[in-house]
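Listed below are the residues making up each chain.
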Amino acid sequence: MVFDLKRVLRRDLENLAPYQVQPSRDGLIRLDANENPFDFPPFLQDEIYRQLKSGSFTRYPDDLAGELRKAISQSTGVPEEGIIPGNGSDELILNLCLAVGNGAQVAIATPTFSMYRVNSLIAGAAPVDIPRLKAGFALDLESLGKIAANEKTRLIFLCSPNNPTGNATPVEDVAALLEHSRALVVVDEAYIEFGGQTCLPLAEKYANLVILRTFSKAFGLAGLRVGYLLGDPGVVKELLRVKQPFNLSTFAQVAACTVLAHREEFLKMIDAIRQSRDALKQELASLPGMTVFPSEANFILFRTPLPAKTVFDRLLQEGVLVRNLHGSGLEECLRVTVGREEENEVFLEKMRKICL
Ligand SMILES: *Cc1c(COP(=O)(O)O)cnc(C)c1O
């Protein structure tokens with residue numbers, strides 16, 4: 001028998017490119033992935049190791065991450081039955097798509113985080129872009145309202161503050177959409193610690209609102225993969241059907257609980273990042289021909305007068321890694337994560353060298 005690999009694979013995924021990151025980031029100033037730039041507090045790291053008893057490695061973890069669920073419940077006010085911890089919020093995005101699944105229409109307010117589209121496709125759903133307005137990347141409420149009322153639409157992805165544009169959506173806009181939506185409306189609040197208003201208060205009134213949060217950005221746990229979903233207990237119960245068992249490692253559960261118990265340590269860093277963001281924005285805007293978009297997050301989107309690829313490549317040569325977002329709706333745009341003060345200085349110095 002001749003084995004034909006193509007024959008056994010899904011045709012509809014033929015053109016789906018694997019998620020790609022910079023092959024090596026070693027030795028670079030990494031301003032490309034919106035991580036927390038500061039060192040994880042050593043005393044908290046010690047605390048996590050102390051809690052990992054030898055038994056922790058041989059037994060499966062707590063399937064629903066009970067302790068973490070309790071801690072998230074305390075910090076958000078959402079009852080435990082309305083919470084699902086995930087192996088990064090990426091896993092929860094996939095679970096949402098799997099739950100609505102095959103052929104379902106999924107509306108996405110673009111430009112935005114790529115995983116809404118990718119995970120829709122993986123789940124066999126049909127993503128539909130609803131482009132944000134030219135003015136400040138605000139939601140196109142009229143178009144979203146139309147697609148939300150369409151019975152084919154099962155899921156709507158909004159991100160606030162939005163990656164990569166940086167703007168937050170007013171809570172009233174989300175409320176207006178929820179009012180007329182027959183679909184689940186997901187608001188991804190991965191950057192909410194840095195700015196914008198949370199939509200969580202709307203959850204009491206709307207059972208179709210789902211909120212996503214993560215420990216990967218403000219809380220410095222990108223390497224351990226922890227996110228969570230907040231929603232109506234009825235919705236959560238259904239979503240648990242597609243959850244992988246033991247999706248969060250014991251290590252990740254212990255680390256996330258420790259972070260929540262010491263939230264104040266991170267609030268200091270978040271404050272510093274917000275201040276650096278505003279300073280960085282001003283400096284960038286002083287370069288000739290540069291358009292710098294307002295940001296409520298820990299990154300800044302900017303449009304350069306030079307081709308984005310030229311700026312990206314030259315920054316990389318100089319040892320600084322950012323994200324090149326050149327493409328539909330974001331012509332000649334790059335995104336820079338707010339780093340530590342000294343990293344931002346090097347980035348600005350290289351930008352001046354390239355652009356002046
Ligand atoms: C980084 C990011 C995520 C992914 O978070 P993980 O919890 O690390 O999977 C989700 N949503 C947005 C908008 C992000 O930028």
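Residues numbered from 1 in each chain as written. Predicted model: local features only at pLDDT ≥ 70, side-chain atom pairs only at ≥ 80, totals over all residues. Heavy atoms only, no water.

Undergrad: Provide a residue-level description of the packing of aromatic side chains, including the pertinent values.
TA: Taken as a whole, this structure holds 11 aromatic pairs when the rule is applied. Measuring from centroid to centroid gives 5.7 Å for Phe219 and Phe266, while their planes differ by 70°, and the two rings are edge-to-face. Of the two residues, Phe219 is situated in the loop between strand 7 (209–214) and strand 8 (227–230) and Phe266 in helix 10 (residues 263–285); the sequence distance between them amounts to 47 residues. Using a relative accessible area of 3% as the deciding quantity, one classes Phe219 as buried. Classification of Phe266 as buried rests on a relative accessible area of 1%. Among the aromatic residues, those joined into a ring-pair cluster are Phe40, Phe215, Phe219, Tyr228 and Phe266. Seen from the ring of Phe299, Arg335 lies directly overhead, with NZ or CZ sitting 5.7 Å from the centre. (Phe/Tyr/Trp six-rings, centres within 6.5 Å; stacked < 30°, edge-to-face > 60°. Helix = DSSP H or I, 4+ residues; strand = E, 2+ residues; numbered from the N terminus. Buried < 20%, exposed > 50% of the residue type's maximum accessible area, 1.4 Å probe, protein only. Lys NZ or Arg CZ within 6 Å of the ring centre and 35° of its normal.)

Undergrad: Got a sec to walk through the environment of Ser143? Specific residues and values, please.
TA: Structurally, Ser143 can be placed in helix 6 (residues 141–149). Counting along the chain gives 159 residues from Ser143 to Phe302, while the straight-line C-alpha distance between them is 26 Å.

Undergrad: Please give an account of the sheet that holds strand 6 (residues 184–188) that cites residues and values.
TA: Taken in spatial order, the seven strands line up as 2-8-7-6-5-3-4 in an open sheet, and their pairing is mixed. This sheet does not close on itself; its edge strands, each paired only once, are strand 2 (83–86) and strand 4 (126–131). Shown here is a sheet whose adjacent strand axes are inclined to one another by a mean of 20°, direction ignored. Here four bridges tie strand 7 to strand 8, and the two strands are oriented antiparallel to one another. Bridge pairing in strand 8 places Arg213 opposite Tyr228. (Pairing = 2+ DSSP bridges. Axes fitted to C-alpha atoms, helices over the stretch in contact; angles between N-to-C directions.)

Undergrad: Any details on the sheet that holds strand 12 (residues 323–324)? Residues and values, ideally.
TA: Taken together, four strands build an open sheet; the order of strands is 9-10-13-12 and the sheet is antiparallel. Unpaired on one side and paired on the other, strand 9 (291–292) and strand 12 mark the two borders of the sheet. In terms of strand pairing, strand 12 meets strand 13 (residues 333–337) through two bridges, oriented antiparallel. By the bridge assignment for strand 13, Asn324 is matched with Leu334. Most of the contacts of helix 10 go to strand 10 (residues 299–303), to which it runs at about 10°, and overall it touches strand 9, strand 10 and strand 13. (Contact = heavy atoms within 4.5 Å.)

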